[in-house]
Amino acid sequence: GNSSHPRMHFFFSTLLAAYACVGMAGQINVEMHFESLCKQCQIHVAGMRDIVLRGGNESSLEEAGIEPWLNVTIDYYGAIGRDGTCESAARDTEHGPDMCVTDRYHLCAQRGGLSATPGSVVRPLGDWFDFVHCMWMNIDILKCGNNNHCATSDEFSAALELVFPMCAKLTGADEERIRHCATGEEGRKLQVDSYARTNKRSEFGFAPIFVDGNYVSSVDNIWRKTPDQLHYGKLVLEAICKHTTVGGRDDAGTMVEIGLAIPAACS
């Protein structure tokens, strides 16, 4: 491994010192829009985790050094029926009502639970991204081996009870907190808000990604017909790294020099 490489430690120590002063105001916003039971989305989330956050070379988050730069969010595709639920609107769709449930588990890990105002604060990246990545890596189980969804709700519930506790344990996520959110009103509110954010970007097609509000159009050519985790991750990393060369942003959104070292993943 590269854990003892002095250059990596220099990058990270410099990042931490600057990040402590800049905080959220200096971060680069990365916004993704996916389906929680989508196979191609699974590949792209793996690209984000392995190529972007870990530099594509089995580095740790600390060695790659890019995580402190990023404010990452994922919003989801869906609709709300007249009765106020996703489940009624999802009948006869590709992934059915099951995806309504997995959406809520994803969103509750990302935004819900401990924040003073539910849904208003995105939790630190390390607190939730590995959890949703684990959920995506196990969608074959969550879909009972089918391409669309489980044949019955009982089969799906059994699959969820295999995958969810495992992912929570493996990633250190708060299983009780996430479950409470996902099965209650907080999770449904997060879901409504997330679908609304995605719907506002319908003009960009399916599964777009934005870096500081700029649509990363280059990923469209490889996203569905020839899904390529490595290529996708490199294109996203390239778009992010273009924003690390200046430094960051002040509270008004103006680019400012903040003395951050270029993350190792970008060098």
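Note that this is a predicted model, so its numbers are computed, not measured.

1. Things to note about the packing of aromatic side chains
And then number 1: Within the structure shown, the criterion is met by nine aromatic pairs.
And then number 2: With 4.7 Å between their ring centres and 40° between their planes, Y77 and F206 make a pair best called tilted. Of this pair, Y77 sits in the loop between β2 (70–76) and α4 (86–89) while F206 sits in the loop between α10 (185–199) and β3 (209–211), and the two are 129 residues apart along the sequence.
And then number 3: Seen in terms of ring centroids, F131 and F164 are 6.0 Å apart; in terms of plane orientation they differ by 85°. Their pairing is edge-to-face. Linking F131 in helix α6 (residues 125–137) with F164 in helix α8 (residues 153–171), this pair joins segments that are 33 residues apart in sequence.
And then number 4: Taken together, the ring pairs connect F34, Y76 and W136 into an aromatic cluster.

2. Some details on the nonpolar core
And then number 1: Membership of the largest hydrophobic core comes to 64 residues, with the highest contact counts inside it found for L70, F129 and F131.
And then number 2: Apart from the residues within four sequence positions on either side, F131 is in contact with Y105, A109, F164, C167, A168, T171, A173 and I178.

Each value, and the rule that gives it
- Residues numbered from 1 in each chain as written.
- Predicted model: local features only at pLDDT ≥ 70, side-chain atom pairs only at ≥ 80, totals over all residues.
- Heavy atoms only, no water.
- Phe/Tyr/Trp six-rings, centres within 6.5 Å; stacked < 30°, edge-to-face > 60°.
- Helix = DSSP H or I, 4+ residues; strand = E, 2+ residues; numbered from the N terminus.
- Core = buried A, V, L, I, M, F, W, Y, C linked by side-chain atoms within 4.5 Å.
- Buried < 20%, exposed > 50% of the residue type's maximum accessible area, 1.4 Å probe, protein only.
- Contact = heavy atoms within 4.5 Å.

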